[in-house]
Amino acid sequence: MSRPVIITCALTGGGELSGKNTAVPVTPREIADSAIEAARAGAAVAHIHVRDPQTGRASMKLELYREVVDRIRQSGTEMLVNLTTGAGASFLPGAAEPRVPDPRSSLTHPDRRVAHVLALKPDICSLDVGSMNFGEVVFVNTPAHLRQMARAILGNGTRPELEVFELGHIRLARHLIDHGLIAAPPLFQICLGIPWGAPATPETMLSMRDHLPDGAIWAAFGIGAAQFPMVAQSVLLGGHVRVGFEDNLYLARGVPAPSNAALVEKAVRMIQELGEHPATPRDARNLFALNDGGVAPAPCADRSAGRDGASQSSELGQAGGRA
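This one's a predicted model, so the numbers in the text were calculated from it and none came from an experiment. (Residues numbered from 1 in each chain as written. Predicted model: local features only at pLDDT ≥ 70, side-chain atom pairs only at ≥ 80, totals over all residues. Heavy atoms only, no water.)

Participant: Is there a simple way to think about the overall build of the protein chain in this case?
Facilitator: Helices and strands together make up the secondary structure of the protein chain, namely 10 helices and 19 strands. Taken over C-alpha atoms, the radius of gyration comes to 18 Å for the protein chain, in line with the 20 Å a tight globule of 323 residues would show. Over its C-alpha atoms, taken along the principal directions, the protein chain stretches across nearly 55 × 50 × 35 Å. Counting the 323 residues in the protein chain, one finds 53% classified as buried. Restricting the contact set of the protein chain to residue pairs at least 6 apart, pairs at least 24 apart contribute 73%. A total of about 13900 Å² of accessible surface is found on the protein chain, and carbon and sulfur atoms cover 54% of it. Charged side chains of the protein chain number 30 positive and 32 negative; the gap between the two group centres comes to 3 Å. (Helix = DSSP H or I, 4+ residues; strand = E, 2+ residues; numbered from the N terminus. Rg over C-alpha atoms; globule rule 2.2 N^0.38 Å. Buried < 20%, exposed > 50% of the residue type's maximum accessible area, 1.4 Å probe, protein only. Contact = heavy atoms within 4.5 Å. Areas by Shrake-Rupley, 256 points an atom, 1.4 Å probe, with all protein chains shown as cover. Lys, Arg positive; Asp, Glu negative; His and termini not counted. Charge placed at Lys NZ, Arg CZ, Asp CG, Glu CD.)

Next up, the structure:
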């Protein structure tokens, strides 16, 4: 029998848009309409950032998130809502004094980064597990900040999607699981090809998959030209997939995608050609152990320490106690 493969559509992201694909949605109405179109094309989950309607730049305003979420919920689609918490994590050292942030930095308090999640109670929200160089900025997610955000998300009845960009992030995610901060089953998103994280290669995806805890549900994506090769690779390795304008603006080499729905439709065709079928929102809700009002916040324990899991849990637990 074929298995249901969950397609997440990452609608707009927070990257710079100038001179790029004009089909990327910007206003709350455009973002919500794009989500609904993606749902009709076969996506079960919408991963949502918001943008300032006037400037097109990434925003953290609650009213923008609220309008997008309300429009999706009122549309009649059963699509699961996944709100980002990645905004507010970038740091760029000042040129004169590195300890003083450059004005382009967005780094803010962890409570601010989850405020819209607590207010709107989405089915899922992202939780970026770990810090890294992200292009020319530093993406800052300290263990203490992650524990604080994870506690708030758990108490809110929202399922965190653990976004991991390298193997060390999986170790840190398992630390959060060990300490009862993540509800079972843990959800992982393997993020590949982002400068300067893990490369988008079959070997990398396989290695990261093999380091996930037992019982984890996982998906993966690649950015740019790697988006669709990583769709195929994830399906073959038993995972779920993510496509959308946040990660890739092209349907094929030199062919700008006309919509998020077009990217989803291509993913649907690939999944079917590989002998599987796209999951419905109801399938996704069941696989994620979500009820109609969210997730029952039952913490899970990582029972797959395996290789070096026991020693690393002890090591990280001591670090956590000092935070």
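Participant: Could you clarify how one ought to interpret the sheet that holds strand 10 (residues 137-139) in this entry?
Facilitator: Sheets are built from strands paired through backbone hydrogen bonds, the pairs being either parallel or antiparallel. Taken together, the 3 strands give an open sheet; going across it, the order is 7-10-9, and neighbouring strands pair in antiparallel fashion. Unpaired on one side and paired on the other, strand 7 (90-91) and strand 9 (132-134) mark the two borders of the sheet. Sheet analysis places strand 7 next to strand 10, joined by 2 bridges and oriented antiparallel. Across the sheet, residue serine 90 finds its bridge partner in strand 10, namely phenylalanine 139. (Pairing = 2+ DSSP bridges.)

Participant: Any chance you could explain the side chain of serine 234 here in plain terms?
Facilitator: Within the element layout of this structure, serine 234 appears in helix 7 (residues 227-236). Residues in contact with serine 234, not counting those within four places in the same chain, are Arg3, Met205, Trp218, Ala219, Ala220, Gly239, His240 and Val241.

Participant: I keep staring at unusual backbone geometry and nothing clicks. Help me out?
Facilitator: Glycine aside, the phi torsion of most residues is negative, and most peptide linkages are trans. Each neighbour pair has its own omega, and for alanine 184 with proline 185 the value is -5 degrees, a cis peptide bond. Within the fold, proline 185 resides in the loop between helix 5 (167-178) and strand 12 (187-192). Phi at alanine 289 is positive, roughly 60 degrees, even though this residue is not glycine. Position of alanine 289 among the secondary structure elements: in the loop between helix 9 (281-287) and strand 18 (290-291).

Participant: Is there a simple way to think about the packing of aromatic side chains in this case?
Facilitator: For any two aromatic rings, the description comes down to two numbers: the centre-to-centre distance and the angle of the planes. Counting across every chain of the model gives 3 aromatic pairs. Seen in terms of ring centroids, phenylalanine 134 and phenylalanine 165 are 6.3 Å apart; in terms of plane orientation they differ by 70 degrees. Their pairing is edge-to-face. Placement of the pair is phenylalanine 134 in strand 9 and phenylalanine 165 in the loop between strand 11 (159-164) and helix 5, with a sequence separation of 31 residues. Ring geometry for phenylalanine 139 against phenylalanine 165: centres 6.3 Å apart, planes inclined by 75 degrees, an arrangement best described as edge-to-face. Taken together, the residues phenylalanine 139 in strand 10 and phenylalanine 165 in the loop between strand 11 and helix 5 connect sequence positions 26 residues apart. Here phenylalanine 139 matches phenylalanine 165 in class, with each residue buried. Here the aromatic residues Phe134, Phe139 and Phe165 are joined through ring pairs into a cluster of three or more. Its guanidinium or amino end placed over the ring of phenylalanine 221, arginine 242 lies 3.9 Å from that ring's centre, counting from NZ or CZ. (Phe/Tyr/Trp six-rings, centres within 6.5 Å; stacked < 30°, edge-to-face > 60°. Lys NZ or Arg CZ within 6 Å of the ring centre and 35° of its normal.)

Participant: How do you make sense of the sheet that holds strand 8 (residues 124-128) when you look at a structure like this?
Facilitator: What the 8 strands build is a closed barrel, ordered 2-3-6-8-11-12-13-14; its pairing is parallel. Across the sheet, the axes of successive neighbouring strands diverge by a mean angle of 25 degrees, strand direction being ignored. Against the sheet, helix 6 (residues 202-210) touches strand 11, strand 12 and strand 13 (217-222), its axis set at about 155 degrees to strand 12. Sheet strands touched by helix 8 (residues 260-273): strand 2 (7-10) and strand 14 (240-243). Its angle to strand 2, the strand with the most contacts, is close to 155 degrees. (Axes fitted to C-alpha atoms, helices over the stretch in contact; angles between N-to-C directions.)

Participant: I'm lost on the pairing of strand 14 in this one. Help?
Facilitator: Walk down a regular strand and you will see the side chains alternate between the two sheet faces. The two faces of strand 14 match: His240 and Arg242 on one face and Val241 and Val243 on the other face are all buried. Pairing of strand 2 with strand 14, which is carried by 3 bridges, proceeds in the parallel orientation. Counted as the bridge partner of threonine 8 is arginine 242 from strand 14. Of the pairings in the sheet, the one linking strand 13 to strand 14 comprises 2 bridges and is parallel in character.

Participant: Got a minute to help me understand the environment of arginine 104 in this structure?
Facilitator: Relative to the elements of secondary structure, arginine 104 occurs in the loop between strand 7 and helix 3 (110-120). Between the C-alpha atoms of arginine 104 and glycine 254, which are 150 residues apart in sequence, the distance is 31 Å. What arginine 104 contacts, discounting residues up to four positions off in sequence, is Ser90 and Leu92.

Participant: I'm lost on the packing of helix 2 (residues 62-74) against helix 3 in this one. Help?
Facilitator: In a packed pair of helices, the relevant descriptors are the angle between the two axes and the axis-to-axis distance. Contact pair helix 2 / helix 3: the axes reach a minimum separation of 10 Å and the direction vectors enclose 35 degrees. Relative to helix 3, helix 2 is oriented so that their crossing is right-handed. Contact with helix 2, carried on its side by Leu62, Tyr65, Arg66, Val69 and Arg73, involves His116, Ala119 and Leu120 of helix 3 and no other residues of that element. In terms of residue class, the contact of helix 2 with helix 3 is made up of 5 nonpolar, 1 polar and 2 charged. (Left-handed = near helix turned anticlockwise from the far one by under 90°. Nonpolar A, V, L, I, M, F, W, Y, C, P; charged D, E, K, R; others polar.)

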